[in-house]
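Commentary on secondary and tertiary structure
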Amino acid sequence: MRDAPRSDELLDIARQALQQQITPQLDGGSRHAAMMVANALGIVARQLRAGSPQASECAALEDLLGHAPSPPSPTRLEQLNRELTTRLRQHGANAALDENVYRYLLATTRSLVEESNPKYLQEPAPPRT
Amino acid sequence: MTTLGTGFTARQLDALRAFILWKADADTVDIAEPVKLSGGAIQENWLLALDIRGGAHEGRHDWVLRRDSRGGIGQSHGRASEFALLKAAFESGVTVPEPLWLDTDTRIVGAPFFLMRRVDGMATGHRIVKQQAETPQPSGVAERLGAELARIHTIRPPRQDLGFLAPVDTTPALDLVARIRGELDAHALPRPALEWGLSWLERHAPATRDIVLCHRDFRTGNYMMDGNRLTAIIDWEFAGWGDGMEDIGWFCARCWRFGQPSREAGGVGEREDFYRGYASVSGLWPDDEVVRYWEVMAHVRWALIALQQARRAHAADPESLVLALTGHIVPELELEILRMTPPAASAAAVQAHARGEQHA
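Rules used throughout
Residues numbered from 1 in each chain as written. Chains lettered and ligands numbered in written order. Predicted model: local features only at pLDDT ≥ 70, side-chain atom pairs only at ≥ 80, totals over all residues. Heavy atoms only, no water. Helix = DSSP H or I, 4+ residues; strand = E, 2+ residues; numbered from the N terminus. Buried < 20%, exposed > 50% of the residue type's maximum accessible area, 1.4 Å probe, protein only. Polar contact = N/O pair within 3.5 Å; in protein donor to acceptor, adjacent residues only side chain to side chain. Domains from an automatic or database assignment. Contact = heavy atoms within 4.5 Å. Buried area = accessible area lost by both parts, 1.4 Å probe. Salt bridge = Lys/Arg side-chain N within 4 Å of Asp/Glu carboxyl O. Pairing = 2+ DSSP bridges.

Residues and elements named next belong to chain B. Topologically, His215 is positioned in the loop between strand S7 (211-214) and strand S8 (223-226). Residue His215 is classed as buried on the basis of its relative accessible area, which comes to 0%. Here Asp235 takes part through its backbone oxygen, which lies 3.3 Å from a polar atom of the side chain of His215.

This is the structure in structure tokens:
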């Protein structure tokens, strides 16, 4: 059994050290590179905390596409996404399916943004005039 | 053959001096040691401080030499087309560095090159946006950029000097949808959110009024500002014939506002101001609904480019971290696409389609 700190915690500590102790000493290109490294570490830490979306995405897609549940795997997930993609491209979809597909895409995309750039979700959406 | 610290051999500098002497019809030409400016991986920019005696260009000048980084093979067309585009833009009154002379002969400086006048300023997107946000008086840059874009759009086919640009048919939007789908198919993993956007784009494709020269990367980050003064529209490598509204959508798209989402004109001003500038030259007030269509397209196209860039990231090349991180902006681009294309709109379009109101 691994003891504390967990991988995501370790990454957070490393990122803090980078941001607070190392980055202020740098300037120009190195400072920019350090900030990019910190950004990358942040993404990985958030992905670790979120866990793999594989099982839940497989289940949601099987439900959406009308398939019986099967064991989740990277291949299965890719296959299901490909099927959804093909359906969208044929765009013969009826409005009810559209609604469900949209809800699924919005939810999965939101979770990805939570990992890649959670600040984006806080930015106010500009009003559509 | 020894290369100076400048990236040019002594012989190349001699040849360059002779080239300028001939082109400027001068008596003497002195060139100080060339200084490398920032540039891309494919091109190099060198600052040349010149002292010319005699001829129409007599005097001291700061000119920029732009050449291919690696040997000239297969790229001579690149420099020549870029020169032709700059020249066409300059002659139409677009603010670009004045292009002077092109030479596609690799014998002078080892690769095709051209000379242009130097312009002052910087193009870094987030710095320009920050600077404009902190300017107490509105600088008018959004309106000015609208006018610049409209001037680019006055360049229309047929043009013999731009004969290298691929011809386009009457439905640029649907062509683009097909091209992006093709490139997504070459990508390793399916991206259903992008496919959602593409099928929306297919159903809502607007009719194109005019085919014009599109810059195709007209956005904050690709123009230079010296303080509050616009000094150059740069990065013409994607230019081609198309629907001018594509450029307006690209410029206004939220993904190019550099953290100022409420300033809808490239993060530097109001959408109205940009439209007003565009109308002042073109006489055409952009149709907001059409522009918003092209903003969806902008996000889809930028997402595709970001996916492709991320694929080029590699552990053996630490410089590629920026590419790897670019891949991680794809989810927020996809989220924006979804926000702009809710299913109620799709359903209405499907009905319109059923009634035979589909464009193209």
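That was the structure; now back to the text.
Residues and elements named next belong to chain A. Each assigned domain of chain A is listed with its residue range as follows: domain 1 (7-50) and domain 2 (54-121). The straight-line distance from the C-alpha centre of domain 1 to that of domain 2 is 31 Å. Facing the four residues of domain 1 at the interface are five residues of domain 2. Taken over both partners, the interface formed by domain 1 and domain 2 buries close to 330 Å², and the fraction arising from carbon and sulfur atoms is 52%. Sorting the residues of domain 1 by area buried against domain 2 places Ile43, Arg46 and Gln47 first, and these three jointly supply 84% of that buried surface. For the pair domain 1 and domain 2, the interface holds zero salt bridges.

Moving on to the pairing of strand S6 (residues 113-117) of chain B. Residue and element names in this part refer to chain B. Burial within S6 is extensive, with four of its five residues counted as buried. In this sheet, S6 lies alongside strand S5 (residues 99-103) in antiparallel orientation, the contact comprising four bridges. Bridged to Pro99 within S6 is Met116.

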